[in-house]
Amino acid sequence: MKHILTILILLALLLFLMARYVAPDPWVYDEADYMYAASLGIAANYTDTPTLPIADFVRTGLARGRDLRQRQALSEQIRAGDDVVFYRHWHGPLYLYFLIPVTRLGLSERQVRTVMLAIPALTLVAIYWGCLWLIPGRAGTFAALTGSLLFLFGSHLNGSTELAPHHLFALLSVVFLFLLAKFVASGQRIYWYGAVVFAGLAFCTLEVAFVLIITLAICAFVERRRLEAGWRLAARSLALFVATVLVVWPAAIYKMSFVKGYLFMAYLALFRKSPWGNQGFFEVWGHRTLASPVEWIAILAGVFLYFRNNGENTKHITYPMLVYAALMVAATARVLNSLPRYSLLFMPALDIFAAVTLIPFLMAAPRRVMYAALALFFGFFGLDEYRLFNRNHTQDPRPPVVLNYIRENRLQENTLLVPQEDLPMIHYYFPRMHLHGYSDPNPAPSGSDNGILYRGYPVRVK
């Protein structure tokens with residue numbers, strides 16, 4: 001009963017902290033594309049219909065993917081064909097399966113974003129129960145509370161209230177890591193196969209799921225004697241992984257849709273200078289550290305204890321979390337963007353690692369030392385959260401003004417040349433408009449356009 005009460009309090013705190021940052025803004029860019037993909041329905045997303053065949057995708061990308069003007073023309077061509085994989089930004093459809101029913105409820109933008117907070121709420125529950133499941137007794141209770149609070153007060157959580165599949169990926173990776181750690185602790189293969197299933201689910205969510213697959217391979221090598229790893233186990237694991245993907249996203253196999261995501265990532269890495277942000281490396285990591293300083297102190301303390309004098313038994317349980325986090329940080333090293341949702345890919349794993357590593361060490365210390373350390377730790381957490389709580393969400397006033405301008409001037413069926421960054425939003429809200437994007441500071445009109453929507457204020461079309 002005490003654990004249920006604790007979870008309810010933590011969930012109430014999560015909703016209280018996150019709901020404040022939920023924006024009422026219109027759907028812009030990524031969110032607008034995800035919402036349009038959701039509007040196509042579950043069947044379209046399940047079967048990836050319509051979508052460009054893989055051979056045409058490769059041929060078109062090679063022919064038109066390097067020149068900026070050609071890329072914009074290609075984007076317009078794909079949008080005109082309602083390519084559902086494009087609108088998902090080449091991700092798997094699992095997140096859309098949760099989003100689609102919510103979009104059918106007739107809710108406002110703020111309400112849809114608020115309902116989707118159910119996913120990080122489930123992650124919080126998974127962290128709490130996972131720590132209790134992994135560590136018995138009082139140490140498990142303290143680890144559950146510490147891991148939950150590290151996750152709850154992290155900037156990666158309350159700063160990520162927009163629509164994006166990263167929260168779902170975080171949930172799946174957390175369950176994956178607990179199952180893998182439980183296998184390491186117990187040696188029971190049922191937990192190994194459970195981890196394989198959740199790796200498959202993560203694969204149907206984001207392309208960086210290859211990190212989970214590599215983590216599985218490393219753990220299989222480390223545990224090869226207990227696991228009795230051989231070709232039979234590898235074949236069974238591969239069959240289970242493929243079966244999971246076939247059930248959730250069959251088009252990934254028979255249409256090779258998953259290949260598009262990896263090809264697009266390779267294209268961005270090879271031919272785009274700053275594909276995932278143009279901030280400096282130290283600027284990004286400095287922002288991440290200063291946004292959650294107490295959280296990072298706990299993580300670094302956990303890493304220090306792990307390599308210095310932590311108990312061998314706890315080391316054996318937590319190494320999958322450390323391996324996963326290190327691989328994910330390396331895999332996302334080129335994401336030079338301090339948006340909190342990118343930290344969701346590795347921070348929950350580090351939060352769990354810190355809790356499971358620090359608490360057994362504190363439990364071995366005199367009781368007064370342990371309680372003093374926890375009181376000091378959570379006191380600093382409270383001060384840090386108070387600092388973050390006083391920040392205000394600054395709404396971009398331009399998107400609603402643009403939408404109102406189009407409605408008031410009855411441009412819903414016109415052909416317009418619009419800023420590329422506005423195109424997804426306008427396309428979602430006014431799907432009958434014919435839109436051409438531009439990136440040039442001084443766009444040139446063409447004979448087929450009814451006008452140009454200019455950047456900045458006042459909003460004007462000429």
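Residues numbered from 1 in each chain as written. Predicted model: local features only at pLDDT ≥ 70, side-chain atom pairs only at ≥ 80, totals over all residues. Heavy atoms only, no water.

Looking now at a nonpolar patch on the surface. There is a patch of nonpolar side chains on the surface, built from Met1, Ile4, Leu8 and Trp129 and spanning about 490 Å² of accessible area. Along the chain, Trp129 falls in helix α9 (residues 118-134). Residue Trp129 is classed as partly exposed on the basis of its relative accessible area, which comes to 40%. (Patch = residues over 30% accessible without salt bridge, like charges linked within 9 Å, V, L, I, M, F, W, Y side chains within 5 Å. Areas by Shrake-Rupley, 256 points an atom, 1.4 Å probe, with all protein chains shown as cover. Salt bridge = Lys/Arg side-chain N within 4 Å of Asp/Glu carboxyl O. Helix = DSSP H or I, 4+ residues; strand = E, 2+ residues; numbered from the N terminus. Buried < 20%, exposed > 50% of the residue type's maximum accessible area, 1.4 Å probe, protein only.)

Turning to the packing of α9 against helix α12 (residues 166-186), a few remarks are in order. It is at 9 Å that the axes of α9 and α12 come closest, and there the two elements cross at 10 degrees. Put simply, α9 runs roughly parallel to α12. Contacts between α9 and α12 pair Ile119, Pro120, Leu122, Thr123, Ala126, Ile127, Gly130, Cys131, Trp133 and Leu134 from the former with His167, Leu168, Ala170, Leu171, Val174, Val175, Phe178, Leu179, Ala181 and Lys182 from the latter. (Axes fitted to C-alpha atoms, helices over the stretch in contact; angles between N-to-C directions. Parallel < 35°, antiparallel > 145°, perpendicular 65-115°, else oblique. Contact = heavy atoms within 4.5 Å.)

So, on to the layout of surface pockets. A volume near 340 Å³ is recorded for the second largest pocket. Taken together, 14 residues make up the lining of the second largest pocket; nearest its centre are Trp192, Leu216, Ala234, Ser237 and Leu238. Where the lining of the second largest pocket is concerned, the elements lending two or more residues are α13 (189-203), α14 (210-222) and α16 (231-248). If one sorts the elements of the lining of the second largest pocket by residue count, α16 sits on top with 6 residues. Broken down by class, the residue content of the lining of the second largest pocket amounts to 12 nonpolar, 2 polar and no charged. (1 Å grid on protein atoms, 1.4 Å probe; cavity = no way out; pocket = protein on both sides within 12 Å on 5 of 7 lines; lining within 4 Å. Points joined across faces, edges and corners; volume = space filled by probe spheres on them. Nonpolar A, V, L, I, M, F, W, Y, C, P; charged D, E, K, R; others polar.)

Evaluation of the coordinates by the stated rule reveals 2 cavities of 30 Å³ or more. For the largest cavity, the calculated volume is near 70 Å³. Lining the largest cavity are Tyr95, Arg113, Met116, Leu117, Ile119, Pro120, Ser160, Thr161, Glu162, Leu163, Ala164 and His167. Grouping the constituent residues of the lining of the largest cavity by class yields 7 nonpolar, 3 polar and 2 charged. There is about 50 Å³ of room inside the second largest cavity. Along the walls of the second largest cavity sit Trp90, His91, Gly92, Phe203, Leu206, Glu207, Trp249, Phe258 and Tyr262, which together make up its complete lining.

Let us now look at helix α2 (residues 29-39). Since the α-helix advances by 3.6 residues per turn, residues separated by three or four positions end up pointing in the same direction. Across the 11 residues of α2, 9 count as buried, placing the element largely inside the fold. Note on α2: the residue one or two positions beyond its end, Gly41, has a positive phi of about 100 degrees.

Another point: the pattern of salt bridges. Scanning the model with the defined rule gives 6 salt bridges in all. With its nearest N and O atoms 3.3 Å apart, the salt bridge here joins Arg432 to Glu413. Taken together, the positions of Arg432 in the loop between α26 (423-429) and β2 (434-438) and Glu413 in the loop between α25 (398-408) and β1 (415-419) put the pair 19 residues apart, joining distant regions of the chain. Judged by its relative accessible area of 59%, Arg432 is exposed. A network of salt bridges, in which partner residues are shared, links Asp30, Glu162 and Arg341.

Take the side chain of Asp48 next. Its place among the elements puts Asp48 in the loop between α3 (42-47) and α4 (54-64). Here the side chain of Asp48 touches Arg88 through a polar contact of 3.0 Å, side chain to side chain. Other than its neighbours up to four places away in sequence, Asp48 contacts Val84, Val85, Arg88, Trp249, Ala251, Lys255 and Ser257. (Polar contact = N/O pair within 3.5 Å; in protein donor to acceptor, adjacent residues only side chain to side chain.)

In this section: the packing of α2 against helix α7 (residues 94-103). Put simply, α2 and α7 touch, their axes get as near as 9 Å, and they point 80 degrees apart. Taken together, the axes of α2 and α7 lie roughly perpendicular to each other. Facing α2, whose interface residues are Tyr34, Met35, Ala37 and Ala38, α7 presents Leu96, Leu99, Ile100 and Thr103. Partitioned by chemical class, the residues of the contact of α2 with α7 number 7 nonpolar, 1 polar and no charged.

Here the focus is the sheet that holds strand β3 (residues 451-452). Strand order in the open sheet formed by 3 strands is β2-β1-β3, and the pairing between neighbours is parallel. Every interior strand has two partners, whereas the edge strands, β2 and β3, have only one. Bridging between β1 and β3 involves 2 bridges; their strand directions are parallel. Paired with Leu416 across the bridge in β3 is Gly451. (Pairing = 2+ DSSP bridges.)

Throughout the structure, instances matching the rule amount to 15 aromatic pairs. Clustering of aromatic rings is evident, with ring pairs tying together Phe203, Phe241, Trp249, Phe258 and Tyr262. (Phe/Tyr/Trp six-rings, centres within 6.5 Å; stacked < 30°, edge-to-face > 60°.)

A word on unusual backbone geometry. Cis geometry marks the peptide bond from Thr49 to Pro50, where omega comes out at 0 degrees. Along the chain, Pro50 falls in the loop between α3 and α4. Positive phi outside glycine occurs at His89, with the angle close to 60 degrees. Judged by its relative accessible area of 18%, His89 falls in the buried class. At Met256, a position not held by glycine, the phi torsion is positive, near 55 degrees.

The next subject is the pairing of β1. One face of the sheet, then the other: side chains in a regular strand alternate in exactly this way. Burial of β1 is extensive: 5 of the 5 residues sit out of reach of the surface. Across 5 bridges, β1 lies against β2 in parallel orientation. Looking across to β2, one finds that Leu417 is bridged to His436.

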